[in-house]
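Secondary and tertiary structure notes
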Amino acid sequence: MVGSKLAQMADIDIGEELIRRGWRQGKMLPATSASKSWLEFSTVHEDTQEDRQQNAFLATSTVWNLQQDLLNENDWLIIVSQTCDIQRPPSLEPYVEAMTAYWTTDRSLIHAAGKNSVRHFLVTRRISSEGFVRSGLIVDATIHIQIEKESLLKCSPQESFPEDDILTPRRFSRWLGRRYNRPALPDELVVAVQKPIVKAIGKLHKTSPLHRILDGISEILLLPYDETEDDSVDMLFIRDERSNALTVNDEDEAVLLEWVDEVLQKEGKVVLGTGAVLGLKEISAYDYANAYELPTDQYSLAQDESEQ
C-alpha cells in the first residue's frame, strides 16, 4: 500500500511530504545495512611494451573503481541538508545528504567534538550522577552519505538534539560549513600551543577533574600572536551555553588556566600570558572575529605532516 502511494506521488510533492513528516537538518535514522562509498584510482596496465607504446593514451587514462564498506551496525545517519534542499523536487535535487553519527565513551574525542573540531561535532551527551560525561553522540564530517528522497519517505525521523536545546542546532548548522572555510593555524602556534595541549588532554587520567571543566568549554581561542615580540600567548575559553552544559565556576577557571600554563611551560616555547573563561556575551566582537580557533582533536604542520 505504501509503495503504491509513493509511486503515485508527483515529483514536486515528495520534497514537501518529507518536510511534512518532520525531516529537517539534524534528524536521524539508523544506519543499519548502510554503506559508505569512495572512488579508488587505478591505471590500465598493458601486457607488453609494444602494447603500452601503441596504447599510450589508454595506459595513462583515468580509471576509477567504486569501493564500498558497510557502516557499523550501531551507527546513525544524521541529516545535514538544509530545509530548502530537502523540500526541492527530486527532479531538481534527487538526494538528501547525511553524515554518520555514533555514541562513544572516548573522553578525548568528546572533549574535542564539543569545542573547535572540524572533523567531529558533539550533538548531545549523557551525564553521570557525579557530574561527569558518560558518553557523547558524535557526528563524523569525513563520511558523507546520499539518500534517495523517495526512499527517505519509508523511514521515520528521530530526534538528535535534546528538546529544550535551542543553541546546539544553530551551532551544528554553522559547523557544517567550517571544514572548508576555517583559517589554518600558523605552524608556530601548532608546535608551541596546539600540539602540547592535544597531547596533554589525551594523557589526562579518567578521574581528573579537568575532564569536567573541559566538558564545560565550547571553544578555545588564541588571540593574535607575534613571536618576534613576545614569548607568551593569550587564550580565551568560551563557556558552553547549551541547556545541558556543565558549569565552569571561578575555581574551575583557576585550575584550568594553571594546567594550561604548566603544559605550555613544559614544552618551553611560550607561556600563557592572559587567560579567561568567558561567555559569548562577555567576549568582544573584535576578539572573537580575529582569534584563532584551537582544535583539540588533531594537529598538522604544513612543513612536516609526519609529526602528527
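Residues numbered from 1 in each chain as written. Predicted model: local features only at pLDDT ≥ 70, side-chain atom pairs only at ≥ 80, totals over all residues. Heavy atoms only, no water.

What the protein contains, in helices and strands, is twelve helices and eleven strands. Summed over all atoms, the accessible surface of the protein reaches about 17000 Å², with 48% contributed by carbon and sulfur. (Helix = DSSP H or I, 4+ residues; strand = E, 2+ residues; numbered from the N terminus. Areas by Shrake-Rupley, 256 points an atom, 1.4 Å probe, with all protein chains shown as cover.)

Low-confidence regions, as indicated by low pLDDT, have predicted coordinates that should not be scrutinised in detail. Mean pLDDT over the protein: 83, with 82% of residues reaching 70 or higher. When the criterion is pLDDT under 50, residues 302-308 qualifies, and its contacts beyond four places in sequence or with other chains add up to ten contacts. (pLDDT = per-residue confidence, 0-100. Contact = heavy atoms within 4.5 Å.)

Strand order in this open sheet of four strands is S10-S9-S8-S11, and the pairing throughout is mixed. Of all strands in the sheet, those bounded by a partner on one side alone are strand S10 (271-278) and strand S11 (292-293). With two bridges connecting them, strand S8 (residues 217-222) and S11 associate as antiparallel partners. Its bridge partner lying in S11, Leu 221 is registered against Glu 293. Helix H9 (residues 187-202) contacts S8, strand S9 (232-239) and S11 of the sheet and is inclined by roughly 45 degrees relative to S9. On top of the sheet, helix H11 (residues 250-267) reaches S8, S9 and S10; it is set at about 155 degrees to S10, its chief contact. (Pairing = 2+ DSSP bridges. Axes fitted to C-alpha atoms, helices over the stretch in contact; angles between N-to-C directions.)

Next up on the list: the nonpolar core. Val 193, Met 235 and Leu 256 are the most contacted members of the largest nonpolar core, which has 29 residues in total. With residues near it in sequence (within four places) discarded, Leu 256 still touches Leu 210, Ile 213, Leu 214, Ile 217, Phe 237 and Val 277. Grouped together as the second largest cluster of nonpolar side chains are 18 residues, Ile 19, Trp 23, Ile 145 and Leu 153 included. (Core = buried A, V, L, I, M, F, W, Y, C linked by side-chain atoms within 4.5 Å. Buried < 20%, exposed > 50% of the residue type's maximum accessible area, 1.4 Å probe, protein only.)

In this section: the side chain of Gln 25. Summarising the element assignment, Gln 25 is placed in the loop between helix H2 (11-20) and strand S1 (28-30). Among the polar contacts listed, one links the side chain of Gln 25 to the backbone oxygen of Val 80, at a separation of 2.9 Å. Polar side-chain contacts of Gln 25 include one of 2.5 Å to the side chain of Ser 173. Once you skip the residues sitting within four places of it in the chain, Gln 25 turns out to touch Ile 79, Val 80, Ser 81, Gln 82, Ile 86, Phe 172, Ser 173 and Leu 176. (Polar contact = N/O pair within 3.5 Å; in protein donor to acceptor, adjacent residues only side chain to side chain.)

The terminal C-alpha atoms of H9 lie 21 Å apart, and with 16 residues this matches the ideal 22 Å at 1.5 Å per residue to within 8%. At Gln 194, H9 is deflected by roughly 35 degrees, the largest bend along its length, and proline Pro 196 occurs up to four residues later in sequence. Every buried residue of H9 is listed here: Leu 189, Val 190, Ala 192, Val 193, Gln 194, Lys 195, Pro 196, Ile 197, Val 198, Ala 200 and Ile 201. The secondary structure elements touched by the buried residues of H9 are helix H6 (107-113), helix H10 (209-215), S8, S9, H11 and S11. (Expected span 1.5 Å × (residues − 1). Bend = angle between axes of the 7 residues up to and from the residue.)

Our focus in this paragraph is H11. Its 18 residues place the ends of H11 26 Å apart at the C-alpha level, agreeing with the 26 Å of an ideal helix rising 1.5 Å per residue. Residues of H11 that are buried in the fold lie against H9, H10, S8, S9 and S10. At the N-terminal boundary of H11, the capping side chain belongs to Asn 249, with an oxygen 3.1 Å from the backbone nitrogen of Glu 251. The positive-phi residue at the C-terminal boundary of H11 is Gly 268, with phi of around 85 degrees.

Moving on: the sheet that holds strand S5 (residues 95-104). Strand order in this open sheet of five strands is S1-S4-S5-S7-S6, and the pairing throughout is antiparallel. Each edge of the open sheet carries a strand with a single partner, namely S1 and strand S6 (120-127). For this sheet, the mean inter-axis angle between neighbouring strands, taken without regard to orientation, is 35 degrees. By the bridge criterion, seven bridges tie S6 to strand S7 (residues 133-148) in an arrangement that is antiparallel. Its bridge partner lying in S7, Phe 121 is registered against Val 139.

Let us look at the pairing of S6. Within S6, six of the eight residues are buried, which leaves it mostly tucked inside the rest of the structure. If you look at the hairpin formed by S6 and S7, you'll find five residues sitting between the two strands, and Gly 131 has a positive phi there, around 95 degrees.

As a further point, take the side chain of Glu 219. Mapped onto the fold, Glu 219 is located in strand S8. Although Glu 219 lies buried, it forms no salt bridge, and the closest oppositely charged side chain, Arg 171, sits 5.8 Å away as judged by the N-O distance. Among the polar contacts made by the side chain of Glu 219, one reaches the side chain of Tyr 288 at a distance of 2.8 Å. Residue contacts for Glu 219: discarding those within four places in its chain leaves Lys 115, Asn 116, Leu 236, Phe 237, Ile 238, Leu 280, Tyr 288 and Glu 293. (Lys, Arg positive; Asp, Glu negative; His and termini not counted. Salt bridge = Lys/Arg side-chain N within 4 Å of Asp/Glu carboxyl O.)

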